[in-house]
Amino acid sequence: MLKTKEMIRVEQLNKYFGDLHVLKDIDFNVNESEVVVLIGASGSGKSTMLRCLNFLEMKNSGEVIIRGEDVDPKKDNLNEVRQKVGMVFQHFNLFPHKTVLENVIEAPIQVKSIPKAKAVEEGKELLLKVGLEDKANDYPSRLSGGQKQRVAIARALAMKPEIMLFDEPTSALDPELVGEVLQTMKDLAREGMTMVVVTHEMGFAREVADRVVYMHDGRIVEAGQPNEIFDNPKEKRTQAFLSSIL
Amino acid sequence: MEYSGFFGALVESRGIFIEAAFMTLKLTAVSIFLAVFIGLLFALLKISAIRPLVWVANIYIYIVRGTPLIVQIFVFYYGLTEIWMMSGFWAVSLGLAFHNGAYIAEIFRGSIQSIGKGQTEAGRSLGMSRSLTMRRIILPQAFRRALPPLGNQFIIGLKDSSLAAFVGVAEIFAVATTQGANTFDYMTWLLVSAVYYLILVFLLTILVSLIEKKLAVSD
């Protein structure tokens, strides 16, 4: 049997915001091509945990190991690590002064020094993939929320990351626009992308996740396959959370 | 100069006043150009989070805001020229640049800080360095947001260039007071100078709004 490659490993991660202890002794791992969905009430630490994985938040103690490499934010070049770990934000964070295509090709050209013609070609392919090839020359202000988020996904993919992080990617969308973004994410999962997704979309979690992780008060309370977590949660906390939202 | 009435004065004196207006424009252009760079530099120092650099920026801004412009210009003209010979034009240009730089620094700082944290995070999450994110993502947006107050500061700079008259630069106000002294008709010549300032400010306003429109394509 082939040994699965471990893409992310987190050991004994602790994180404080001032006196507030937001992540408590987190142990967590993600294998290659695995889709892990983090669920939990707001304030449970799931977004902070996600942000620790690409060092937008710095751990206070513990290890964050990305693709077998124990990353030390003081010594290692985080810009190189982040190229391998794409991120999609709740509020899209598209660059408003750049067109859709310019958003997508900015980092490949500026960071990876890819020739513009090649970046444009690849960028257009990505836009085709997320179904927005006809919007290439529009500015983000002209797009709907769902379109913006799909551009944000294309922008992250343009760096050819090996891991994709999604921080509540559909929470800021009108309900009728959620589907198109989830569909794009499903396509990505089917292609074998390693994904960590913070979401409140339980349908997506059940359908796409290989593993669901429930967090509460800075700790991982329970983790398992979607049907285990949703149909047969072992912990009282998990049961209470699920019954409050389903 | 022979003239009768305000309009007569306006027409008869056009030669010397147009020349003076070019001097005013030159003073304004040079000092504003330098001030924008000084302002950007000190704005970046102020948001750098490196304590000594923040202090340097704060002290600079404190000194400029806390002393009259005419004192600053005289310090540049009488003080600086003792160390390094320069014309009245350059003393005033540098003095005005030093002065406007502080106000522009605060304008830039405010506009940079008004760009949401999400923009920086988006840039950094793509592997862009701090400085690349600042240069490619934050500053272009911040500059656009800074334009209206920046235009305001440019107008103030243009009008403040009239203080160059006190160190012997032949700009609009200097020519007007000379004419006034020669003809004992100060009121007429001051009004003539006002017309030239109004025209220049009008042109500057149009220029700034053209730039604003050009940068507004993404809205």
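Report on the accompanying structure. (Residues numbered from 1 in each chain as written. Chains lettered and ligands numbered in written order. Predicted model: local features only at pLDDT ≥ 70, side-chain atom pairs only at ≥ 80, totals over all residues. Heavy atoms only, no water.)

1. Focus: the overall build of chain B
Keep this limit in mind: Numbering of helices and strands runs from the N terminus, with a helix taken as a DSSP run of H or I at least four residues long and a strand as a DSSP run of E at least two residues long. Throughout, a contact is declared for two residues whenever any of their heavy atoms are within 4.5 Å. Method for areas: the Shrake-Rupley scheme with a 1.4 Å probe, in which residue coverage is limited to the protein chains shown. Counted charges follow a simple rule, with Lys and Arg positive, Asp and Glu negative, and His plus the chain ends left uncounted. Charge coordinates come from a single atom per side chain, which is NZ of Lys, CZ of Arg, CG of Asp or CD of Glu.
The number of helices and strands found in chain B is nine helices and zero strands. When the helices and strands of chain B are read in sequence order from the N terminus, they spell out α-α-α-α-α-α-α-α-α. Projecting the C-alpha coordinates of chain B onto the three principal axes gives extents of approximately 70 × 45 × 25 Å. For chain B, contacts bridging at least 24 residues in sequence account for 75% of all contacts bridging at least 6. Total accessible area computed for chain B in this model is approximately 11400 Å², and 70% of it derives from carbon and sulfur atoms. Positive and negative charge centroids in chain B, built from 16 and 11 side chains respectively, lie 20 Å apart.

2. Describing the interface of chain B and chain A
By a widely used convention, the size of an interface equals the accessible area lost when the partners come together. Put simply, the rule reads: Two parts placed together each lose some accessible area under a 1.4 Å probe, and the buried area is that loss summed for both. Salt bridges are defined by distance alone: a side-chain nitrogen of Lys or Arg within 4 Å of a carboxyl oxygen of Asp or Glu. Here a polar contact means two N or O atoms within 3.5 Å. Within protein one must be a hydrogen donor candidate and the other an acceptor candidate, and residues neighboring in sequence count only if both atoms are side-chain atoms.
Across the contact, 21 residues belong to chain B and 24 residues belong to chain A. Each partner contributes to the roughly 1900 Å² buried at the junction of chain B and chain A, and carbon and sulfur atoms together form 57% of this total. By the criterion of area lost to chain A, the three top residues of chain B are B:Ser125, B:Leu126 and B:Arg136, representing 31% of everything that side buries. Residue A:Arg51 is joined to B:Glu121 by a salt bridge in which the shortest nitrogen-to-oxygen separation is 2.6 Å. Counting the contacts that link chain B with chain A gives seven residue pairs in polar contact (both at pLDDT 80 or more). Those elements giving two or more residues to the side of chain B that touches chain A turn out to be helix H6 (117-125) and helix H7 (130-160) of chain B. Residue contributions to the side of chain B that touches chain A peak at eight residues, all from H6(B).

3. Here we look at the environment of A:Leu127
Residue and element names in this part refer to chain A. Test applied: A 1.4 Å probe rolled over the protein chains alone gives each residue an accessible area, and that area as a share of the maximum for its type sets the label: buried under 20%, exposed over 50%, partly exposed in between.
Counting through the fold element by element, Leu127 comes out in helix H4 (residues 116-129). Judged by its relative accessible area of 0%, Leu127 falls in the buried class. Separated by 27 residues in the primary sequence, Leu127 and Ala154 have C-alpha atoms spaced 6.3 Å apart. What Leu127 contacts, discounting residues up to four positions off in sequence, is Val100, Leu101, Val104, Leu132, Glu133, Ala136 and Ala154.

4. Examining the pairing of strand E8 (residues 194-198) of chain A
Residue and element names in this part refer to chain A. Rule in force here: A strand pair is defined by DSSP finding two or more bridges across the two strands.
Among the five residues that make up E8, five are buried, leaving the element largely enclosed by the rest of the structure. Of the two faces of E8, both are covered, the one formed by Thr194, Val196 and Val198 as well as the one formed by Met195 and Val197. In the sheet, strand E3 (residues 35-39) pairs with E8 via four bridges, with the strands oriented parallel. When the bridges of E8 are listed, Val36 appears paired with Val196. Bridge analysis of strand E7 (residues 163-167) against E8 gives five bridges, and the strand direction is parallel. Of the residues in E8, the one forming a bridge with Leu165 is Val196.

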